[in-house]
2 protein chains.
Amino acid sequence: MASPQPPYRASARSADDDVLRHVSARERIAARGGRVTRTRLAVLEMLQHGSHPLSHDEIGDALASAGVAHDRVTLYRALDWLVEQGLARRIAGGERAWRFEGVRDAAHRHAHFHCDRCGQVVCLEGLEPAPATALPNGFQVERAELVLHGQCATCGRGDEEVRPR
Amino acid sequence: MASPQPPYRASARSADDDVLRHVSARERIAARGGRVTRTRLAVLEMLQHGSHPLSHDEIGDALASAGVAHDRVTLYRALDWLVEQGLARRIAGGERAWRFEGVRDAAHRHAHFHCDRCGQVVCLEGLEPAPATALPNGFQVERAELVLHGQCATCGRGDEEVRPR
DNA sequence: GTCTTCTTGCAACATTGTAGCATTAGGCCT
DNA sequence: AGGCCTAATGCTACAATGTTGCAAGAAGAC
């Protein structure tokens, strides 16, 4: 499961890769005892392949333009299921909406960078949030979320078109 | 509606404290060139005094039970103004809603703990999010948000009544 | 091919936040 | 103290993001 390449970089792929991904997604879903539906398949593949965490909205758009029409609710439920099964992770985007990313290695964690200008979120490999030390008595930490805020490279370059907030 | 606990901890205070806090809040607002309205006054005092970040909802409830009725929108705008003026800070609660905390020292930053069971958020003094190092080229970090997730002391103690998720 | 039950799709609703605009009131000036 | 100007307020409407309930459809076991 641990690939030699950077986990979320969109690299050039061959048709073989596509087949592999497809099979993999199908098997991972089936292995959890869930039914392999086109929604789950398409979403999981998209998340596995995605270079950064995607919002529900982005996923919906991508599905639509891929010719796979879906109800909003169905998509929510598919995402919920994937998260529940540990195949995807839900992270809090800077805005109100959740973002979702594929999980390859359940143990692997990383921080995220949120561009306050265009709203984009990118993964920061190699920057693991340090677990807490000085906690009040009785508190149990299960995970840590580290989000860096600022301006991404694209927005910093100047006056490109920007989706405002 | 809001949490079952008291919205912000009402510790024993003297009348002098009240006067001091009141004056301070009033002056801080006026110093920013804003009008001192009962909404801003009440909200800022509540935030300054609060022991943990409060949601819009909690603040609204507290205001209502303090006999200061307010429109939802007015409260949003008062909070926005306080954040804009650097008197309050907006942090992303685990849920969709923002939470707000008073700012005493603009330079002082701290992490937060979010209880995934009851939704409560507490401040973790002494745990400053480490600024990023290994960022891609062209990225500029302005601030870091570190949120620890897990179970708070109250929820960990067992089967007290809990607002589920 | 049939059957069971998990998923989907629809409609309705809940929560959280914003926009526009007429009305109120803070605070400066006289 | 009274008047005036304009920042704040309080509506009402609307937008964005999720959730719930339930009938209809499809995945997969037999």
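Above this text you will find the structure in question.
Figured I'd write up the structure that's included with this text. All figures in this text were calculated on a predicted structure; none of them were measured in a lab.

Reading the values: the criteria
Residues numbered from 1 in each chain as written. Chains lettered and ligands numbered in written order. Predicted model: local features only at pLDDT ≥ 70, side-chain atom pairs only at ≥ 80, totals over all residues. Heavy atoms only, no water. Least-squares fit on C-alpha atoms with pLDDT ≥ 70 in both. Contact = heavy atoms within 4.5 Å. Near = heavy atom within 4 Å. Polar contact = N/O pair within 3.5 Å; in protein donor to acceptor, adjacent residues only side chain to side chain. Helix = DSSP H or I, 4+ residues; strand = E, 2+ residues; numbered from the N terminus. Nonpolar A, V, L, I, M, F, W, Y, C, P; charged D, E, K, R; others polar.

Another point: the relation of the copies chain A and chain B. Superposition record for chain A on chain B: RMSD 0.1 Å, screw rotation 179 degrees, translation along axis 0.0 Å. The superposition operator between the copies reduces to a two-fold rotation axis. Comparing interface residues between copies, 100% of those in chain A also sit at the interface in chain B, which points to an isologous, same-surface contact.

For DNA strand D, the set of nearby residues contains 20 residues, the closest of which are Val36 and Trp98 of chain A together with Arg38, Arg40 and Arg77 of chain B. Backbone atoms, meaning sugar plus phosphate, form 54% of the atoms of DNA strand D positioned within 4 Å of the protein. Between arginine 38 of chain B and DNA strand D, the recorded distance is 2.8 Å, taken from a side-chain N or O atom to a phosphate oxygen. Of all the elements, helix α4 (residues 72–84) of chain A adds the most residues to the surface near DNA strand D, at four residues. Residue composition of the surface near DNA strand D, by class: six nonpolar, four polar and 10 charged.

In the vicinity of DNA strand C lie 20 residues, with Thr37, Arg38, Arg40 and Arg77 of chain A together with Val36 of chain B positioned nearest. The contact atoms of DNA strand C, taken as those within 4 Å of the protein, divide so that sugar and phosphate hold 53%. Arginine 40 of chain A places a side-chain nitrogen or oxygen 2.7 Å from a phosphate oxygen of DNA strand C. Side-chain polar atom of threonine 74 of chain A to a phosphate oxygen of DNA strand C: 3.2 Å apart, as the coordinates give it. Counting only elements with at least two residues in the surface near DNA strand C, the list comes to α2 (38–49) and α4 of chain A together with α4 (72–84) of chain B. Ranked by residues supplied to the surface near DNA strand C, first place goes to α4 of chain B with four residues. Here the residues of the surface near DNA strand C sort into six nonpolar, four polar and 10 charged.

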